[in-house]
Amino acid sequence: MTNRERIHAILSYEQYDRMPIVDFGFNPEALETWREQGHLTDEDLINCGDGGSGQKSIEKKIGFDFNWQGCLRPIPDTRLLPHFERKVIAEFPDGIKHIISANGTIEGIKEGIHCIPQDIGTLLNCRKDWEELFLPRLQYSAERISGLVKSNMPREREKLQDPRGLHCGSLYGFIRNMTGVQELAYLQADDEDLFYEIINTVGDLCFSVTKAALETGFEFDYAHFWEDICFKTGPLVNPQLFADKVGPHYKKITDLLHQYEIKFVSLDCDGFIEYLIPAWLENGVNVMFPLEVGTWGANLGDLRKKFGRELLAVGGMDKKVFTLPGGFGAIDREVEKMRRFADLGGYIPCPDHRIPSNAIWENVRYYCDKMRETFK
């Protein structure tokens, strides 16, 4: 079987020959460390992002089959177009800079420190800002699917070994990216009509882009959304509001996907996601990814008891064990946990985010070997 055939069989609760060894990409600092240690070459680190040739080379050396996120290439553009020019607007003696980001937020960063930027503010503070600065950048144009059009050369579907995913955008997480968490909370209270208009504008754009992508004739094995709207104790949005106002946009898009016989719709959301799962399942999103373990101990077994076999998953492997010196025993326990989950069906193991910056090469290699040995 090809990896394409395997993911279709597994997520359909059908028989398959073996479990694919799936990853979610690598932290760049880990790759640099492994290069310095002699495990990787300079050539491996060229084009080593999701779906790149360098990443394929790295995966082969370690033992992974493919990157779930890397199958989403090329990605249609549902973001601001054009994006805001990134520029520094303030600098401070301690090295912190305030910048305007591509999404229109004002962020605090410090050179040499790789982390989520600090939210300082946003250019979207009122309806005037929305109508003059943001709304014109959220209109559909053919440019948004130009990458797909260029890549859609005639090819025989059966020659494709790895699955191909269609990125359908972000219906709420991207709005948060335009405002920041705090300002988005204020917006809901200060101007409810504008808040709903922004949700509808973004939802309509994602639908238009998805429709145009499907009409290119490009064939996809699954569809995918990105959100990242939860933290360690729950969502950054009221679940009922999310279901009422964002849910219909998911439904409109997933109904369209079903017309093109795409039945697997995955969604990338970190954090404790359980309060939002009902809205996703009710509106056609059925594959949770990367099922982050976190401090709350998320696992497929518990989620299946709550939501049943309709809930599918890719992920659920605690990536932190890769960082433990002499961590083979911890890896064995993770693999055994995932074997039990795989017995439930509809589940593909995968590290619950990118391989950490301090991951140990031998641990990651051992994990891939152990997975192949366990899931023969």
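Residues numbered from 1 in each chain as written. Predicted model: local features only at pLDDT ≥ 70, side-chain atom pairs only at ≥ 80, totals over all residues. Heavy atoms only, no water.

## Here we look at a nonpolar patch on the surface
And step 1. Residues Val181, Phe231 and Leu236 make up a contiguous nonpolar surface patch of about 230 Å² in total accessible area.
And step 2. Relative to the assigned elements, Phe231 resides in strand E9 (residues 230-231).
And step 3. Look at Phe231 and you get partly exposed, because its relative accessible area is 41%. (Patch = residues over 30% accessible without salt bridge, like charges linked within 9 Å, V, L, I, M, F, W, Y side chains within 5 Å. Areas by Shrake-Rupley, 256 points an atom, 1.4 Å probe, with all protein chains shown as cover. Salt bridge = Lys/Arg side-chain N within 4 Å of Asp/Glu carboxyl O. Helix = DSSP H or I, 4+ residues; strand = E, 2+ residues; numbered from the N terminus. Buried < 20%, exposed > 50% of the residue type's maximum accessible area, 1.4 Å probe, protein only.)

## Quick look at helix H13 (residues 361-374)
And step 1. Over its 14 residues, H13 extends 20 Å from the first C-alpha to the last, a length consistent with the 20 Å expected when each residue adds 1.5 Å.
And step 2. Among all positions in H13, only Trp361, Asn363, Val364, Tyr367, Cys368 and Met371 are buried.
And step 3. Looking at the buried residues of H13, the elements they touch are helix H2 (28-36), helix H3 (53-62), strand E13 (312-317), helix H12 (328-343) and strand E14 (347-351). (Expected span 1.5 Å × (residues − 1). Contact = heavy atoms within 4.5 Å.)

## A few points about the side chain of Ser12
And step 1. Note that Ser12 resides in the loop between helix H1 (3-11) and strand E1 (22-23).
And step 2. At 2.7 Å, the side chain of Ser12 and the backbone oxygen of His8 are in polar contact.
And step 3. In contact with Ser12, other than residues within four places in its own chain, are Lys263 and Phe264. (Polar contact = N/O pair within 3.5 Å; in protein donor to acceptor, adjacent residues only side chain to side chain.)

## Things to note about the packing of helix H8 (residues 192-215) against helix H9 (residues 239-259)
And step 1. Running from amino to carboxyl end, H8 crosses H9 at an angle of 10°, the nearest separation of the two axes being 10 Å. Relative to H9, H8 is oriented roughly parallel. On H9, the residues that touch Phe195, Tyr196, Ile199, Asn200, Gly203, Asp204, Cys206, Phe207, Thr210, Lys211 and Leu214 of H8 are Leu241, Lys245, Val246, His249, Lys252, Ile253, Leu256 and Leu257. (Axes fitted to C-alpha atoms, helices over the stretch in contact; angles between N-to-C directions. Parallel < 35°, antiparallel > 145°, perpendicular 65-115°, else oblique.)

## Quick look at the packing of aromatic side chains
And step 1. According to the stated counting rule, one finds 19 aromatic pairs in the structure shown.
And step 2. Put simply, the rings of Tyr172, Phe195, Tyr196, Phe225, Phe242, Tyr250 and Trp280 touch in pairs and so form one group of aromatic residues.
And step 3. Stacked on the ring of Tyr196, the Lys or Arg Lys245 has its end atom at 4.3 Å from the ring centre.
And step 4. In this structure, Arg309 is placed above the aromatic ring of Tyr13, and the distance from its NZ or CZ to the ring centre is 3.8 Å. (Phe/Tyr/Trp six-rings, centres within 6.5 Å; stacked < 30°, edge-to-face > 60°. Lys NZ or Arg CZ within 6 Å of the ring centre and 35° of its normal.)

## Details of the nonpolar core
And step 1. Of all hydrophobic cores here, the largest spans 107 residues; its most connected members are Trp34, Trp68, Phe242, Trp280 and Tyr367.
And step 2. With 13 residues, the top contributor of residues to this core is H8. (Core = buried A, V, L, I, M, F, W, Y, C linked by side-chain atoms within 4.5 Å.)

## Some details on the pattern of salt bridges
And step 1. This model, assessed by the stated rule, comprises 25 salt bridges.
And step 2. Between Lys306 and Glu274 there is a salt bridge, with its nearest N and O atoms 2.4 Å apart. Of this pair, Lys306 sits in helix H11 (residues 300-307) while Glu274 sits in the loop between strand E11 (265-268) and helix H10 (277-282), and the two are 32 residues apart along the sequence.
And step 3. With relative accessibility at 54%, the residue Lys306 sits in the exposed group.
And step 4. Taking the relative accessible area as the measure of exposure, Glu274 reaches 16% and is therefore buried.
And step 5. Within the structure, one salt-bridge network assembled from shared partners comprises Glu336, Arg339, Arg340 and Asp343.

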